[in-house]
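Close look at the chain arrangement
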Amino acid sequence: MDNLVQEKLSFAKLAILAMNMVNRPTTPYELWELVLEHKLHHQLACFDVQTQTFSGKTPHATFCRVIYTDKVNFQEVPNTKPKQYILKKLKDTFINKENIVNQNNRAIVKKSKFHERDLHPILVYFLKHHAYFKAHAKTIFHEESFKGKKGGDKWLYPDMVAVNFEYANYQENNVLDFIKKFDILPIKIFSFEIKKELNFNNYKESFFQAVSNSSWANEGYLVAYDIEQNSQFIEALQKLSQSFGIGVIELNLADIQKSQILSPARFKEKMDYSVVDELATKNPNFAQFLKTVTDFDLSNPNRFLNEFDKILSNDKLVDYLNSQLKLND
């Protein structure tokens, strides 16, 4: 990727280059993540490759602002929240065809009857393949918990938890050995509350349920597939997210690759271990999750995979959507 362009680029030219690579509608933030992932920012005139620093303080904001304001090269995709953009030369290919297909699929999915837990394999797939998470997930079965006082544990248990073994990225150049000797192995623990839909009728209760059962983790999220596409509603949801640090994820069943983080979670360095202890004491699934994370061995990772939820292949995911969720009935 580093050799795609030899000249030093402006933010505008870099945005066009990246959008051509993606070749589909995307948000400016997602496009910037792709730029960093493929090191395209090395081509920027304001980036020093030797020191790995930008001359400006907020390059991501400058990059996104170019897309927002450049009406000559970029066009906003109608009815998208958060706003997606596309190169004008690609608009006829994607905006009309993809929006029609996705809207039809979404309408079909809405009519199907399935349980919230049927969304778990979709979220498992998303978490493993999304560039930010790259996480192994595990369902927490509430019904297997040791029963406490009636109603006392109503919002204690998350629907799913996940872990990113960040230290797996540092296996070369003696970095991992250095970390093991002088620091705690870096991991990130996620917690998820899953709903079929979010709208003005249920979003406050759903959100505070997520606050209650996910605030112990490094990051907590509220997840749904049918989120009301109303600008006022999205704004209200994002305000709650920003106030309490709980992220929001929208699952796109018509195209899983387009599932997205509508609002990021606030990362907490230190977990709430008093709640972690209560969860582990009352729920064997969660206790086993902690043991798996503790025992996980990079030299033999496959040994532990069956202790997480199974990650479906692309083909099996399509079959699952068609059979279990009846996406194409």
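The structure presented is a predicted model; accordingly, all values stated were derived computationally and were not measured.

Further remarks concern the overall build of the protein. In terms of regular secondary structure, the protein is built from 11 helices and 10 strands. By residue count, 45% of the 329 residues in the protein fall in the buried class. Taking the intrachain contacts of the protein between residues at least 6 apart in sequence as the baseline, contacts between residues at least 24 apart amount to 69%. Accessible surface, the protein: about 18000 Å² in total, of which carbon and sulfur atoms supply 50%.

Phi is positive for Asn79, close to 60°, though the residue is something other than glycine. Structurally, Asn79 is set in the loop between β3 (74-76) and β4 (85-87). With phi around 45°, Lys134 is a residue other than glycine that occupies positive phi space. Tracing the chain through its elements places Lys134 in the loop between α5 (120-129) and β5 (136-139). Classification of Lys134 by relative accessible area gives exposed; the value is 54%.

With that out of the way, let us pick up the sheet that holds strand β9 (residues 247-250). Adjacent strands of a sheet pair through backbone hydrogen bonds, lying either parallel or antiparallel. Taken in spatial order, the six strands make up an open sheet running β5-β6-β7-β8-β9-β10, and their pairing is mixed. Here the strands that pair on one side only, and so sit at the sheet edges, are β5 and β10 (260-263). For this sheet, the mean inter-axis angle between neighbouring strands, taken without regard to orientation, is 30°. Bridging between strand β6 (residues 160-164) and strand β7 (residues 188-198) involves five bridges; their strand directions are antiparallel. Looking at the pairing, Ala162 lines up with Phe190 of β7. Contacts from α5 reach β5, β6, β7, β8 (219-227), β9 and β10 within the one sheet, and its direction differs from that of β6 by about 15°.

Further remarks concern the environment of Leu240. Tracing the backbone through its elements, the reader meets Leu240 in helix α8 (residues 231-244). Overall, Leu240 belongs to the buried group, its relative accessible area being 15%. Excluding residues that lie within four positions of it along the chain, Leu240 makes contacts with Tyr203, Phe207, Phe208 and Gly245.

Confidence in the prediction for the protein averages 82 pLDDT; 82% of positions are at 70 or higher. Between the elements of the protein, mean pLDDT differs from a low of 46, seen in helix α4 (residues 91-111), to a high of 96, seen in β5. Across residues 1-6 the pLDDT falls below 50, and counting only partners more than four positions away or on other chains, this stretch makes 12 contacts in the model. Confidence over residues 95-112 falls short of pLDDT 50; this stretch has 30 contacts with residues more than four positions distant or in other chains.

Turning our attention to the packing of helix α2 (residues 28-37) against helix α3 (residues 59-69). Direction vectors running N to C along α2 and α3 enclose 130°, while the axes themselves pass 9 Å from each other. On the basis of their axis angle, the class for α2 and α3 is oblique. Once α2 is placed against α3, the crossing between them reads as right-handed. Within the contact between the two elements, α2 uses Pro28, Tyr29, Leu31, Trp32 and Val35 and α3 uses Pro59, His60, Phe63, Cys64, Ile67 and Tyr68. A breakdown of the residues in the contact of α2 with α3 according to their chemical character gives 10 nonpolar, one polar and no charged.

Moving on: the environment of Arg266. Along the chain, Arg266 falls in the loop between β10 and α9 (273-282). Since its relative accessible area comes to 42%, Arg266 is described here as partly exposed. In contact with Arg266, not counting residues within four places along its chain, are Asn218, Glu219, Gln242, Ser243, Phe244 and Gly245. A polar contact is formed between the side chain of Arg266 and the backbone oxygen of Gln242, at a distance of 2.5 Å.

Further remarks concern the pattern of salt bridges. Tallied over the entire structure, the rule returns six salt bridges. Close ionic contact of Glu219 with Lys188 constitutes a salt bridge, the shortest N to O distance being 3.7 Å. With Glu219 in strand β8 and Lys188 in strand β7, this pair connects stretches of sequence that are 31 residues apart. Judged by relative accessible area, which is 1%, Glu219 ranks as buried. As a salt-bridge pair, Lys282 and Glu278 come within 3.0 Å of each other at their nearest N and O atoms. Within this pair, Lys282 and its partner Glu278 are both found in helix α9, separated by four residues, close to a single helical turn. Overall, the relative accessible area of 30% leaves Glu278 in the partly exposed class.

Calculation criteria
- Residues numbered from 1 in each chain as written.
- Predicted model: local features only at pLDDT ≥ 70, side-chain atom pairs only at ≥ 80, totals over all residues.
- Heavy atoms only, no water.
- Helix = DSSP H or I, 4+ residues; strand = E, 2+ residues; numbered from the N terminus.
- Buried < 20%, exposed > 50% of the residue type's maximum accessible area, 1.4 Å probe, protein only.
- Contact = heavy atoms within 4.5 Å.
- Areas by Shrake-Rupley, 256 points an atom, 1.4 Å probe, with all protein chains shown as cover.
- Pairing = 2+ DSSP bridges.
- Axes fitted to C-alpha atoms, helices over the stretch in contact; angles between N-to-C directions.
- pLDDT = per-residue confidence, 0-100.
- Parallel < 35°, antiparallel > 145°, perpendicular 65-115°, else oblique.
- Left-handed = near helix turned anticlockwise from the far one by under 90°.
- Nonpolar A, V, L, I, M, F, W, Y, C, P; charged D, E, K, R; others polar.
- Polar contact = N/O pair within 3.5 Å; in protein donor to acceptor, adjacent residues only side chain to side chain.
- Salt bridge = Lys/Arg side-chain N within 4 Å of Asp/Glu carboxyl O.

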